[in-house]
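What follows is each chain in one-letter form.
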Amino acid sequence: MEYSQEEDLADLGGELFIKEVPKETSNSLVVLRKAGELCDAVIQVGDEKIPVHRVILAAACPYFRALFTNSKFESDRHTVNITDISAPIMSKIIGYMYTNACNINDENVSDILIASDYLNMTHLQDLCCDYLSSKISIFTCINIENFAKKFFCEKLRQNAHKFILHNFTKVYTGCDDFQLLDDTSLHEILGSEELNIKSEEIAFEAIIKWIDYDPPNRKCHIAKLLRNVRLALLTTNYFVEKVKVHPYVHENKDCKSLVIEALKILYDLDINENNLVADNISIARPRLPYEIIFVFGGWSGRYATNLMETYDSRANRWMKCKGVKSDFRAYHGSCVLDRYVYIIGGFDGMEYFNSVRCLDTTSQEWKEVGPMHNRRCYVSAAVLNNEIYAIGGYNGVVRQKTAERYNKENNQWSYITSMNSARSDAAATVLRARIYICGGFDGIEIFSSAEYYCPITDQWTMITPMRNLRSGVSVVAHQDFVYALGGFNGVTRINSVERYSPTSNSWQTIQEMDTPRSNFAAVLLEDTIFVIGGFDDLTTIACVERYDDTVDQWFKVSDMNLHRSALSACVVKGLQDVSKYIYERAQDDSAWKWF
């Protein structure tokens, strides 16, 4: 009778992890075990007996190696009883020892991990941890972290914990396990500098939700938890109307000093909102941002600039990256792939570029990658399916309708189908696995038209035109809409904004920006649209504003350090060393100063 590795794994129903071994060897070992040939031991689990070869188990498993090589273990002993592992799981683990393959799925992963921990099989335990890491979600993250803590799976615990920190708002509102956290775990989460929340209101509301689950036993923890909220970063109205008067806070005497301290700092800020110099104010120190806006190049005054700036949303400050300079480029594109930033095409006042440069945000080093086929200034850039698209633009002679895409693996650009219209000074974004490009200029006419590219069919399709002519426009995809912002209509720079719904194939006018602008940058940061710099009909500008679609309103943001137009911007998430790109935090409370 013949046996194969595949037959031994015939119950596959989940994900299969395989470490390469010679197939002939593993097949032969399985055949011998199945036939009971040369077996010199039996693993007995309950009523089930599994014939094995001692040397195989000893080579694959530290537990059995220690057992079989122990001088006190009788050499003629034939049966080993296992009482802490079920027969089906033990059978799978023995199969793994012979084949280096194991079927791991949602139903058995915890049992296999526990058993591999018991048997000290670290490689199999790592495979289980990798599987569980791939299953971390809003609904499972807390349960997985608790499981990892129990069995000392540190890498898995870190992955789950980071997920909780980076997605805290969704976790505390959508995960049932949040309310089952103990006070120590919640304290650790809320105290983290890496807690990714747009407002400290979220931290306070999470505390209240947690206490509301069991007020008699939990309200005693309010003071300890409240110390983790950066109270001085709340608005005065919210603090006075929501925090100070809340029964959990008001009725706890240990909260009194916190309330007084926060009120004093908030009062100082209200008197002089741009200057805060105080000692012992950890409750005013911004957390570390998870997402960073990078701004590159552009036109400032009469020349192109190479200044790179980053935006720290938690401190509301722009930082000059003095040690990292981009090229002198304007009217270029930028995008992000795997935390690498790509600068595409552009113009420096003399030369039109087809070159592409790549910034490693970890090492802060630039390198040149494969050049485009065409020189492209006023280019539109987008990322779809892990490939970069460069669309349209101007090569110094003609406006272009061609488009090409870059494959990182082979470091090459290849042409795709050309657009229906030549477009320079347009803008592109990705929504529903399609690239949308809007507006632009063909050398004669400014467009209100827009079209999208489908990579499956390699075709461009026209959509309903925008309500306004827009060259030097910016576009952003957000919440199932394509937003078209600002631009030049042939007469003046405009501040109007409209958004396109693919479902209805129609445009809707929304709240206009405070400042009219063209040739500016626009990005999506934490579900908020930011517009950055540009030209306002009189001069290049440094002003920045953001749009919150939940209230249909624009809000002022700190200005950049340099006024510029024809710049590019992109957002990088989860930087390994975010401190390189943000406003410096104090190492101790007394050193913190916010000027």
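Use the structure listed above.
A quick note: this is a predicted structure, and the numbers were derived from the prediction, not measured.

Conventions adopted
- Residues numbered from 1 in each chain as written.
- Predicted model: local features only at pLDDT ≥ 70, side-chain atom pairs only at ≥ 80, totals over all residues.
- Heavy atoms only, no water.
- Axes fitted to C-alpha atoms, helices over the stretch in contact; angles between N-to-C directions.
- Helix = DSSP H or I, 4+ residues; strand = E, 2+ residues; numbered from the N terminus.
- Parallel < 35°, antiparallel > 145°, perpendicular 65-115°, else oblique.
- Left-handed = near helix turned anticlockwise from the far one by under 90°.
- Contact = heavy atoms within 4.5 Å.
- Nonpolar A, V, L, I, M, F, W, Y, C, P; charged D, E, K, R; others polar.
- Buried < 20%, exposed > 50% of the residue type's maximum accessible area, 1.4 Å probe, protein only.
- Pairing = 2+ DSSP bridges.
- Phe/Tyr/Trp six-rings, centres within 6.5 Å; stacked < 30°, edge-to-face > 60°.
- Salt bridge = Lys/Arg side-chain N within 4 Å of Asp/Glu carboxyl O.

Undergrad: Looking at this model, I keep getting lost on the packing of helix H5 (residues 87-99) against helix H6 (residues 109-118). Mind explaining?
TA: To characterise two packed helices, one gives the angle between the axes of the helices and the distance between these axes. Put simply, H5 and H6 touch, their axes get as near as 10 Å, and they point 65° apart. Considered as vectors, H5 and H6 are oriented roughly perpendicular to each other. Helix-helix and strand crossings are classified by hand; for H5 and H6 the assignment is right-handed. Residues Ile89, Lys92 and Ile93 of H5 form the contact with H6, whose participating residues are Asp111, Ile112, Ala115 and Ser116. Among the residues forming the contact of H5 with H6, the class breakdown is four nonpolar, one polar and two charged.

Undergrad: How do you make sense of the pairing of strand E21 (residues 434-438) when you look at a structure like this?
TA: Along any regular strand, the residues point their side chains to alternate faces of the sheet. Here E21 lies mainly inside the structure; four of its five residues are buried. Relative to E21, strand E20 (residues 427-431) runs antiparallel, the two being bridged by five bridges. Looking at E21, one finds that Ala428 is bridged to Ile437. Linkage of E20 to E21, two consecutive antiparallel strands, is achieved through a turn of two residues, within which Arg432 is found at a positive phi near 55°. Two elements, E21 and strand E22 (residues 450-454), share four bridges in a ladder whose sense is antiparallel. Counted as the bridge partner of Tyr436 is Tyr452 from E22.

Undergrad: Sorry, what's going on with the packing of aromatic side chains here?
TA: Within a pair of aromatic rings, the relevant descriptors are the distance that separates the centres and the angle that separates the planes. In total, this model carries 28 aromatic pairs according to the counting rule given. Between Tyr342 and Tyr406 the ring centres are 6.0 Å apart and the planes differ by 55°, which places this aromatic pair in the tilted class. Taken together, the residues Tyr342 in strand E13 (residues 340-344) and Tyr406 in strand E18 (residues 403-407) connect sequence positions 64 residues apart. The burial state of Tyr342 is the same as that of Tyr406; both residues are buried.

Undergrad: It is not clear to me how the pattern of salt bridges should be interpreted in this structure. Could you clarify?
TA: Two side chains carrying opposite charge are able to pair once their charged atoms lie near each other. Following the criterion strictly, the structure yields 22 salt bridges and no others. A salt bridge links Arg564 to Glu309, with the shortest nitrogen-to-oxygen separation between them at 2.8 Å. Of this pair, Arg564 sits in the loop between strand E31 (553-557) and strand E32 (568-573) while Glu309 is found in strand E10 (residues 309-312), placing the two residues 255 residues apart along the sequence. Considered together, Arg564 and Glu309 belong to a single accessibility category, that of buried residues. Here Asp480 makes a salt bridge to Arg432, at a shortest N to O gap of 2.7 Å. With Asp480 in the loop between strand E24 (474-478) and strand E25 (481-488) and Arg432 in the loop between E20 and E21, this pair connects stretches of sequence that are 48 residues apart. Classification of Arg432 as partly exposed rests on a relative accessible area of 44%. It is possible to trace a salt-bridge network through shared partners that takes in Asp327, Arg329, Arg357 and Glu368.

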